[in-house]
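As a plain string of letters, each chain reads:
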Amino acid sequence: RVLRDGLFGGPGACDLLLPRRPLHHLLPGPAIRWLSQRGAQVHAGRRVMALQPDATGWRLDGIPFDAVVLACSAQEAARLARPLVPGWATVTDGLRFEPIVTVYVRCPGVRLPLPMIALRDDEWSPAQFVFDHGTISGRPGTFAFVVSGAAAWVVQGLDATAQAVLDQAQRALPSDLWPAAQARILGTVAERRATFRSTPGLLRPAAFVAPGLAAAGDYIAGPYPATLEGAVRSGSAAVSALLDCAGSCA
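Residues numbered from 1 in each chain as written. Predicted model: local features only at pLDDT ≥ 70, side-chain atom pairs only at ≥ 80, totals over all residues. Heavy atoms only, no water.

Participant: Before we move on, could you go through the overall build of the protein chain and cite the residues and values that matter?
Facilitator: Counting secondary structure elements, the protein chain contains nine helices and 11 strands. Projecting the C-alpha coordinates of the protein chain onto the three principal axes gives extents of approximately 70 × 40 × 40 Å. Relative to its full complement of 250 residues, the protein chain shows a buried share of 34%. Across the protein chain, every contact between residues at least 6 apart in sequence was considered, and the portion connecting residues at least 24 apart equals 60%. In the form shown here, the protein chain has an accessible surface area of approximately 14,900 Å², with 59% of it arising from carbon and sulfur atoms. (Helix = DSSP H or I, 4+ residues; strand = E, 2+ residues; numbered from the N terminus. Buried < 20%, exposed > 50% of the residue type's maximum accessible area, 1.4 Å probe, protein only. Contact = heavy atoms within 4.5 Å. Areas by Shrake-Rupley, 256 points an atom, 1.4 Å probe, with all protein chains shown as cover.)

Participant: Residues and numbers for helix α5 (residues 86–93), please.
Facilitator: Within α5, the full set of buried residues consists of Trp-88, Ala-89 and Thr-92. Looking straight down α5, one finds its buried side chains confined to an arc of 100°; they lie on one side. For α5, the elements touching its buried residues are α4 (74–81), β10 (208–210) and β11 (213–215). (Arc of directions from axis to C-beta.)

Participant: Would you mind going over the sheet that holds β11 in detail, with residue names and values included?
Facilitator: Overall, mixed pairing links the three strands, which are arranged β4-β11-β10 in an open sheet. Each edge of the open sheet carries a strand with a single partner, namely β4 (68–70) and β10. Mean inter-strand twist for the sheet, computed between neighbouring axes without regard to direction, equals 30°. (Pairing = 2+ DSSP bridges. Axes fitted to C-alpha atoms, helices over the stretch in contact; angles between N-to-C directions.)

Participant: So what's going on with the nonpolar core? Residues and values would help.
Facilitator: With 24 residues, the main nonpolar core has Val-103, Val-105, Val-130, Phe-143, Phe-145, Val-147 and Trp-178 as its most contacted residues. Among the secondary structure elements, those contributing two or more residues to this core are β5 (97–106), β8 (142–147), α7 (151–156) and α8 (158–172). In terms of residue count, the dominant contributor to this core is α8 (five residues). (Core = buried A, V, L, I, M, F, W, Y, C linked by side-chain atoms within 4.5 Å.)

Participant: Outline the environment of Trp-34, listing residues and values.
Facilitator: Its place among the elements puts Trp-34 in helix α3 (residues 28–37). Counting along the chain gives 142 residues from Trp-34 to Asp-176, while the straight-line C-alpha distance between them is 48 Å.

Take a look at the structure:
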């Protein structure tokens, strides 16, 4: 499906867009402003502890709502839904995940020929991509090496992974382009549940959880693996499920 939509999806379907600003400036930030301008209340950093049905809809920590979208991690969605819809929660709990590790490196005076370069990974070389933040976000000499499917490297430790990335860069990038002696690690970030494992026969939870209750996220059943595109599609599916439920109930 990914290949078909990308390669045969018409003009622009394969365009690769690299953001010049952090994703929270591009996606959730504008969404929060849009909601706030229309009178919605946004409570950031507040964890919902309990989800309960009532006569007219649902209650989140005792506060009534007509309908609810669980737009959170699979683990949090399963926690909230388990007392009410255990079958849905069991499917969600059955997902297994892969980590992604990003190693940030400082190498002053260096600029890559492209904003993003694909790398060959193997048992000694963790990263599949390197991003030049000098080109992308105006931080010259700063680079992000991304290690997808990084479970084996996480076991070895983040320090060992970062050192392996430095060694990989020295081997993979031309010496006149990458002065290895100047490169130093700025930091290493591990997202341990970054993507769910797309395995044969995988059963993913549905967007519709119960009347007036839907879920959204890249892990929800849909045509794509763990991607932003999949998450956006699941959000649309969640809204459609709630609107269909409201129409049928009316």
